[in-house]
Amino acid sequence: MDFLNYPQPLADLVSGLARLPGIGPKTAGRLAFYLLQQPQVAENLADVIMKAQQNIKQCSVCSNYTDQDPCPICQSEKRDRSLLCIVEQPRDVSALEKTREYKGLYHVLHGVISPLEGIGPEQLTVSKLLPRLGEVKEVVMAMNPTVEGEATSMYLSKLLKPLGIKVTRIAHGLPVGGDLEYADEITIARALEGRRQI
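In this report, the structure presented in the accompanying data block is examined. These numbers were taken from a predicted model, which means no experiment stands behind them.

### Quick word on the overall build of the protein
Here is step 1 of the chain: Scanning the protein from N- to C-terminus turns up eight helices and six strands.
Here is step 2 of the chain: A principal-axis box enclosing the C-alpha atoms of the protein has dimensions of 65 × 45 × 35 Å.
Here is step 3 of the chain: Within the protein, the fraction of its 198 residues that count as buried is 32%.
Here is step 4 of the chain: Expressed as a percentage of contacts within the protein between residues at least 6 apart in sequence, the contacts between residues at least 24 apart total 45%.
Here is step 5 of the chain: On the protein, the mean spot of the 22 positive side-chain charges and the mean spot of the 23 negative ones are 6 Å from each other.

Listed below in structure tokens is the structure:
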């Protein structure tokens, strides 16, 4: 990316910020100038980024991000150990925990199967999943409703069903406040599949 008339360190900063997800060149430029005008904010940000890099690791059990190993969820005696929810990313654990509805354990894959990107089960944490299934009676697939998410769910389902483990998936459907006319066909079909008696 070419940032005309920027001194090289500023151009490098803008370029680095523009690599972050959801940050385009204009936003990266605004952030870079803000950080230059607020040196204390920049120093604090650099410090917390370095501390996170040094102190956050993957839980040796579930692969979620944690600052202690095993993570508090895996250590908790209050969690239902017969229930395991498989998610794509650590941020998905946070989203599910916010609901306060799920009481089981998690397994974080750190991605999805994507042959086009050269990502197979070997690049995910599938090998760490199998040894955890001793007490598990139900596995909940909580993948995003994408082609890759579906492929990953199907792969894992075929792996788990012969072990006598019940495999379920979270329902996908219409968001609260959404309009039917603006929903795509797959979302409407999933909403119909996941219908419940009221």
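Having seen the model, we can carry on.
### Regarding the pairing of strand β4 (residues 104-108)
Here is step 1 of the chain: Counting buried positions over the five residues of β4 gives five, a clear majority of the element.
Here is step 2 of the chain: Direction of pairing for strand β3 (residues 80-87) relative to β4: parallel, over a ladder of five bridges. When the bridges of β4 are listed, aspartate 80 appears paired with glycine 104.
Here is step 3 of the chain: With respect to chirality, the unit in which β3 leads through helix α5 (residues 90-99) into the neighbouring parallel β4 is right-handed.

### Thoughts on the sheet that holds β4
Here is step 1 of the chain: Strand order in this open sheet of four strands is β4-β3-β5-β6, and the pairing throughout is parallel. Each end of this open sheet is capped by a strand with a single partner; those strands are β4 and β6 (166-169). Looking at each pair of strands side by side, their axes are set apart by 25 degrees on average, direction ignored.
Here is step 2 of the chain: Where β3 meets strand β5 (residues 138-142), five bridges bridge the pair, whose relative direction is parallel. Bridging across to β5, leucine 84 finds its partner in valine 139.
Here is step 3 of the chain: Running over the sheet, α5 touches β3, β4 and β5 and is turned about 155 degrees from β4.

### As for the environment of serine 15
Here is step 1 of the chain: Structurally, serine 15 is set in helix α1 (residues 8-18).
Here is step 2 of the chain: With a relative accessible area of 22%, serine 15 lands in the partly exposed category.
Here is step 3 of the chain: Taking the C-alpha atoms as reference points, serine 15 and valine 93, 78 residues apart in sequence, are found 31 Å from one another.

### Quick notes on the pattern of salt bridges
Here is step 1 of the chain: Applying the stated criterion to the full structure yields three salt bridges.
Here is step 2 of the chain: The salt bridge involving lysine 51 is made with aspartate 47; its shortest N-O contact spans 3.2 Å. With a gap of four residues between them, lysine 51 and aspartate 47 both fall in helix α3 (residues 39-55), about one helical turn apart.
Here is step 3 of the chain: You can call lysine 51 partly exposed: its relative accessible area is 44%.
Here is step 4 of the chain: On the accessibility criterion, aspartate 47 (37% relative accessible area) is partly exposed.
Here is step 5 of the chain: Between arginine 79 and glutamate 97 there is a salt bridge, with its nearest N and O atoms 2.8 Å apart. With arginine 79 in the loop between α4 (72-75) and β3 and glutamate 97 in helix α5, the pair connects residues that are 18 residues apart, well separated along the chain.

### Side note on the packing of helix α2 (residues 25-37) against α3
Here is step 1 of the chain: Closest axis-to-axis distance for the α2/α3 pair is 5 Å, and the angle between their directions is 105 degrees. One way to sum up the angle between α2 and α3 is to call them roughly perpendicular. Between α2, through Tyr34, Leu35, Leu36 and Gln37, and α3, the contact on the second element is made entirely by Pro39, Val41, Ala42 and Leu45.

### A closer look at the pairing of β6
Here is step 1 of the chain: Judged from the four bridges that link them, β5 and β6 form a sheet pairing that is parallel. The residue bridging valine 139 from the neighbouring strand is valine 167, located in β6.
Here is step 2 of the chain: As a crossover connection, the stretch from β5 through helix α7 (residues 147-160) into β6 is right-handed.

### Quick word on the nonpolar core
Here is step 1 of the chain: In this structure, Ile86, Leu133, Val139 and Leu156 are the most contacted members of the largest nonpolar core, which totals 30 residues.
Here is step 2 of the chain: Only α4, β3, β4, α6 (126-129), β5 and α7 provide two or more residues apiece to this core.
Here is step 3 of the chain: Considering every element that reaches this core, the biggest residue donor is β3, with five residues.

What counts and what doesn't
Residues numbered from 1 in each chain as written. Predicted model: local features only at pLDDT ≥ 70, side-chain atom pairs only at ≥ 80, totals over all residues. Heavy atoms only, no water. Helix = DSSP H or I, 4+ residues; strand = E, 2+ residues; numbered from the N terminus. Buried < 20%, exposed > 50% of the residue type's maximum accessible area, 1.4 Å probe, protein only. Contact = heavy atoms within 4.5 Å. Lys, Arg positive; Asp, Glu negative; His and termini not counted. Charge placed at Lys NZ, Arg CZ, Asp CG, Glu CD. Pairing = 2+ DSSP bridges. Right-handed = clockwise from strand over helix to strand, strands pointing away. Axes fitted to C-alpha atoms, helices over the stretch in contact; angles between N-to-C directions. Salt bridge = Lys/Arg side-chain N within 4 Å of Asp/Glu carboxyl O. Parallel < 35°, antiparallel > 145°, perpendicular 65-115°, else oblique. Core = buried A, V, L, I, M, F, W, Y, C linked by side-chain atoms within 4.5 Å.

Remember, this is a structural readout, not a statement about activity or role.
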